[in-house]
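Coordinate analysis (summary)
Residue strings, one per chain:
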Amino acid sequence: MGFLELAAARYSVRSYSDRPIETEKMEKILKAGQLAPTAVNF
């Protein structure tokens, strides 16, 4: 099995609600993503 076949077979789908996200929570999530370390700072 090649990588693309493996990746295609492994993905998962989650169900999401239509409920809006509070602005404060979204800002915290985005800030955490900005501060998270990356490989070789890329």
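Below is a short write-up of the structure. (Residues numbered from 1 in each chain as written. Predicted model: local features only at pLDDT ≥ 70, side-chain atom pairs only at ≥ 80, totals over all residues. Heavy atoms only, no water.)

A few words on the overall build of the protein. On a plain count of helices and strands, the protein comes out with two helices and zero strands. Taken along the three principal axes of its C-alpha coordinates, the protein extends 45 × 35 × 10 Å. Residues counted as buried form 0% of the 42 residues belonging to the protein. Counting every atom, the protein has about 4,700 Å² of accessible surface; 60% of that belongs to carbon and sulfur. Positive and negative side-chain charges in the protein, numbering 6 and 5 respectively, have mean positions lying 7 Å apart. (Helix = DSSP H or I, 4+ residues; strand = E, 2+ residues; numbered from the N terminus. Buried < 20%, exposed > 50% of the residue type's maximum accessible area, 1.4 Å probe, protein only. Areas by Shrake-Rupley, 256 points an atom, 1.4 Å probe, with all protein chains shown as cover. Lys, Arg positive; Asp, Glu negative; His and termini not counted. Charge placed at Lys NZ, Arg CZ, Asp CG, Glu CD.)

With that settled, consider a nonpolar patch on the surface. Judged by side-chain polarity, I21, M26, I29 and L30 come together as a nonpolar surface patch covering roughly 390 Å² of accessible area. The residue M26 is located in helix α2 (residues 23–35) in this model. (Patch = residues over 30% accessible without salt bridge, like charges linked within 9 Å, V, L, I, M, F, W, Y side chains within 5 Å. Salt bridge = Lys/Arg side-chain N within 4 Å of Asp/Glu carboxyl O.)

On inspection of all chains with the given rule, the structure shows one salt bridge. In this structure, K25 engages E22 in a salt bridge whose closest nitrogen and oxygen atoms are separated by 3.9 Å.

These figures capture arrangement, not role.
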